[in-house]
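Now for the letters of each chain:
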Amino acid sequence: MNPSEEFLEQGISQQNLRKASCMTVATLAYQSLGVVYGDLSTSPLYVYKTTFSGKLSLHENDEEIYGVFSFIFWTFTLIALFKYTLIVMSADDNGEGGTFALYSLLCRHARLSILPNQQATDEKLSAYATHGSMETWQSSALKSFFEKHPRFRTGLFILVLLGTCMAIGDGVLTPTISVLSAVSGVRLKITALHENYVVLISCVIIVGLFSLQHHGTNRVSFMFAPIVAAWLLCISSIGIYNIFRWNPHIFRALSPVYMLKFLKRTGIEGWISLGGVVLSITGVETMFADLGHFSSLSIRVAFSFLVYPCLVLAYMGEAAFLSKHHEDIQRSFYKAIPEAVFWPVFIVATFAAVVGSQAVISATFSIISQCCALNCFPFVKIIHTSSKIYGQIYIPEVNWILMCLCLAVTIGLRDTNMMGHAYGLAVTTVMFVTTCLMALVILIVWKQRIAIAVAFLVIFGSMELLYISASVYKIPEGGWIPLALSFIFMAIMYIWNYGTTKKHEFDVENKVSMNRIVCLGPSLGMVRVPGIGLIYTNLVSGVPAVFGHFVTNLPAFHQVLVFVCVKSVQVPYISEKDRLMIGRVGPKEYCMFRCIVRYGYKDLQQENYDFENRLVSGIVQFVEAEEDTTLKTTFISACGREVGNMDIEKFDAQNQDHSFTNSKSSDILETKIRKGHGGGAPLKDESLQILRAKESGVAFILGHSYAKAKKSSSIVKKFAINVVYSFLSKNCREPDVVLNVPHTSLLEVGMIYHV
């Protein structure tokens, strides 16, 4: 039954249902203003000022002002409205957007996954669906090309990291340029105020902004939407006033002819100034990145009917003012404000700058969280800031690092023009990465003709390369900042991913033979003590080397052994019923099981939801539903349906629809199943044995690995592994903290592996 039929059965008419849907979209569109459009809407504070910096300030004629506005209008229209709103936002990954969403789609359709422990059963997840139109020869050829050339897969991965790191750099530059640009307006009224005081006020606001982050996005941003709405209405109203007050003929500048005239008259200075024009679209990537928090329709409605017309009117009105006041080019925004409303607009501008900064900071937290899930960043402390709104997080280490970097840029540069040059390079690079990934999505995922993908790449890629080239020219004047930040973050991400991948390869090569385990007998050649032992491993099959290393040094182990593998899957979210996969390892009398805990790249990995009892409950249900099989690994769903089995040497979880009861303790579980929920069969002996072992205690065994480069390795590799990776491993959050393992039950086994 579809939602419409369901509502009709409840007496709700189709007309009222349509009204409810429209109201929901309108509400989400309004809420998106404070989260999505804060950065984009504050761009008028500094666009014209940055564009007419340098030698272009010598060309402050009406033709040049018309040309700059024409560039702003068509850039804003083509990239923000057509590229992102109409095309890119259609390439969502189960409702999620951003660079990782595009890469996730490509990984699933072309098998480009960077995660080493993927299984065939992962493809049975509903969110993993890759069905669609018929395969074309272009998509088949491209998939085959990536399969045959691993270097190009690595190159694509590095391209994604570049876009991600530039987006993180955006999180540093947005607060600095937005806050400093807003505060600088006070010098128009208080002319005696020294520049140092403006910088000091900006730093105080930045410190206050980052100090509030631990309260969570929901509490901090409850008033953000009204502020952005008020800001947009203010600047659009001022724009309309300036158009009719100073130059009603400014509408002529909408013609693209003025762009050609501008480049012809200004030459190289005009080309260089395009690095300032691109600041008009800073924040459009946020529309796509924050897609998961709202619906695509709501974001499109908010942009098309409010944000787009308001910003166009604001830029047009400022151009009309400048056409009559060439001397005010470096302070045009505040000069264009009528005297009577200056202070109210100044206050709203300052709040709007904070709102724009908040959106980018929250996005940075999400990006780092996704990188951790995909083994591209060291584990950091991730705090849930809302029990109702999923995905709102706070990362203390990242928050304070961002604050220090923002303060350093604010104090070090003190000039919004130089910040604009850096900002433009970061923004255009992220956009170009999105364009390249979208071209691949059009071919591989949407399976369209190659001509469509090439047209998309040429039209939008050429525009973005033009802006990148203009921004690159400004590298000595501030453009080096995002490059330096991106290089540092890329080095960290790539080295961490390389080290963890090599660790997984070491674990695969050194896992204990299952035949050897079977030959030891049910006791495994050691003393079996009461209790349950949870052995955490990166392997989805086989017995990890850490187990053999442990029993070699201490020949005693628990009565029940469970190999727990926590892994990420290349989908954004995994439902609770698909979270756990449980199967048997070896014959029944060995009492050995495997539990695979799966997460999506936007899921938060932490076992704080009664994991022990959920696991024991799942194992008991597995045992109760299991059919007798010898030397087989079998997965059975909670309802008793067998969903797969494999020989133990070919262990691969061929599963499933998996769900578990949410019992709060093993005692409650045992009582319920003993009674059979009203007369059912009692528990099997093995189930009772597992429950008694749970009462004896649960121990957590983690491998503590140390990576070292081989003696024959190059100096660069030795530095990367022995210095950088080792430093990151020692200073990141330990696996026991990430997994919320109680210290009183923790056992660590140290191992060294050579890369």
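Reading the values: rules and limits
- Residues numbered from 1 in each chain as written.
- Predicted model: local features only at pLDDT ≥ 70, side-chain atom pairs only at ≥ 80, totals over all residues.
- Heavy atoms only, no water.
- Axes fitted to C-alpha atoms, helices over the stretch in contact; angles between N-to-C directions.
- Helix = DSSP H or I, 4+ residues; strand = E, 2+ residues; numbered from the N terminus.
- Parallel < 35°, antiparallel > 145°, perpendicular 65-115°, else oblique.
- Contact = heavy atoms within 4.5 Å.
- Nonpolar A, V, L, I, M, F, W, Y, C, P; charged D, E, K, R; others polar.
- Core = buried A, V, L, I, M, F, W, Y, C linked by side-chain atoms within 4.5 Å.
- Buried < 20%, exposed > 50% of the residue type's maximum accessible area, 1.4 Å probe, protein only.
- Expected span 1.5 Å × (residues − 1).
- Salt bridge = Lys/Arg side-chain N within 4 Å of Asp/Glu carboxyl O.
- pLDDT = per-residue confidence, 0-100.
- Pairing = 2+ DSSP bridges.
- Polar contact = N/O pair within 3.5 Å; in protein donor to acceptor, adjacent residues only side chain to side chain.
- Phe/Tyr/Trp six-rings, centres within 6.5 Å; stacked < 30°, edge-to-face > 60°.

Draft legend 1. Structural detail: the packing of helix α12 (residues 257-266) against helix α13 (residues 268-277). At a closest axis distance of 5 Å, the pairing of α12 and α13 adopts a crossing angle of 120 degrees. Here α13 runs oblique to α12, going by the angle between their axes. Along its contact with α12, which presents Phe262, Leu263 and Thr266, the element α13 presents Ile268, Glu269, Gly270, Trp271 and Ser273. Its residues placed into classes, the contact of α12 with α13 shows 4 nonpolar, 3 polar and 1 charged.

Draft legend 2. Seen up close, the environment of glycine 97. With respect to the element layout, glycine 97 can be found in the loop between α5 (62-87) and α6 (99-110). Distance from glycine 97 to phenylalanine 288, taken between C-alpha atoms, is 5.1 Å for residues 191 residues apart in sequence. With near-sequence residues (within four places) excluded, glycine 97 lies in contact with Phe288, Ala289, Leu291, Gly292 and Lys602.

Draft legend 3. Spatial organisation of the nonpolar core. Among the nonpolar cores identified, the biggest contains 161 residues, and Tyr37, Tyr48, Phe76, Phe303 and Tyr334 are the most heavily contacted of them. Non-local contacts of tyrosine 48, meaning those with residues more than four positions away in its chain, are made with Val68, Phe69, Ile72, Tyr315, Glu318, Ala319, Leu322 and Ser332. In this structure, Ile517, Val551, Tyr725 and Val755 belong to the second largest nonpolar core, which totals 35 residues.

Draft legend 4. Layout of helix α19 (residues 416-444). The terminal C-alpha atoms of α19, which comprises 29 residues, lie 42 Å apart, in line with the 42 Å expected from a rise of 1.5 Å per residue. Among the 29 residues of α19, 27 are classified as buried, and the element is accordingly described as predominantly covered.

Draft legend 5. Layout of the pattern of salt bridges. Going through the model one piece at a time under the given rule, you end up with 11 salt bridges. A salt bridge links lysine 577 to aspartate 578; the shortest N-O distance between them is 3.6 Å. As a salt-bridge pair, arginine 584 and glutamate 686 come within 2.9 Å of each other at their nearest N and O atoms. Of the two residues, arginine 584 is situated in strand β5 (residues 580-584) and glutamate 686 in helix α26 (residues 685-696); the sequence distance between them amounts to 102 residues.

Draft legend 6. Structural view of the confidence of the model for the chain. Overall, the prediction assigns the chain a mean pLDDT of 80, with 86% of residues at 70 or greater. Taken as a whole, residues 1-17 scores under 50 in pLDDT and shows 9 contacts with residues more than four places along the chain or in a different chain. Considering only residues more than four positions removed or in separate chains, one finds that residues 628-670, a stretch of pLDDT under 50, has 125 contacts.

Draft legend 7. Local environment of the pairing of strand β6 (residues 592-600). Counting buried residues along β6, 9 of its 9 residues qualify, which places the element largely inside the surrounding structure. Alternating residues of β6 divide into Met592, Arg594, Ile596, Arg598 and Gly600 and Phe593, Cys595, Val597 and Tyr599, and every residue in both groups is buried. Relative to β6, β5 runs antiparallel, the two being bridged by 5 bridges. The residue of β6 that forms the bridge with glycine 583 is arginine 594.

Draft legend 8. View of the side chain of serine 323. Position of serine 323 relative to the elements: it lies in the loop between α15 (296-322) and α16 (332-335). On the basis of relative accessible area, serine 323 is assigned to the buried category, the value being 5%. A polar side-chain atom of serine 323 sits 3.1 Å from a polar atom in the side chain of asparagine 247.

Draft legend 9. Region of interest: the side chain of histidine 504. Inspection of the secondary structure assignment puts histidine 504 in helix α21 (residues 480-509). Relative accessible area serves as the criterion here: at 11%, histidine 504 is assigned to the buried category. The contacts of histidine 504, once residues within four sequence positions are left out, are Pro116, Asn117, Asn538 and Leu539.

Draft legend 10. Representation of the packing of aromatic side chains. The tally for this structure, following the rule as stated, stands at 28 aromatic pairs. Each ring, one from phenylalanine 145 and one from phenylalanine 152, has its centre 4.7 Å from the other, and the planes form 55 degrees; the classification is tilted. For phenylalanine 152, a relative accessible area of 47% gives the class partly exposed. The interplanar angle of 80 degrees and the centroid separation of 6.0 Å between the aromatic rings of tryptophan 246 and phenylalanine 321 together place this pair among those described as edge-to-face. With tryptophan 246 in helix α11 (residues 224-246) and phenylalanine 321 in helix α15, the pair connects residues that are 75 residues apart, well separated along the chain.

Draft legend 11. Seen up close, unusual backbone geometry. Phi angles above zero are rare outside glycine, and lysine 447 is one such case at about 55 degrees. Looking at the secondary structure, you find lysine 447 in the loop between α19 and α20 (450-472). Take lysine 447: its relative accessible area is 9%, and that puts it in the buried class. Phi is positive for cysteine 591, close to 55 degrees, though the residue is something other than glycine. Tracing the backbone shows cysteine 591 in the loop between β5 and β6. Its relative accessible area of 3% is what places cysteine 591 among the buried residues.

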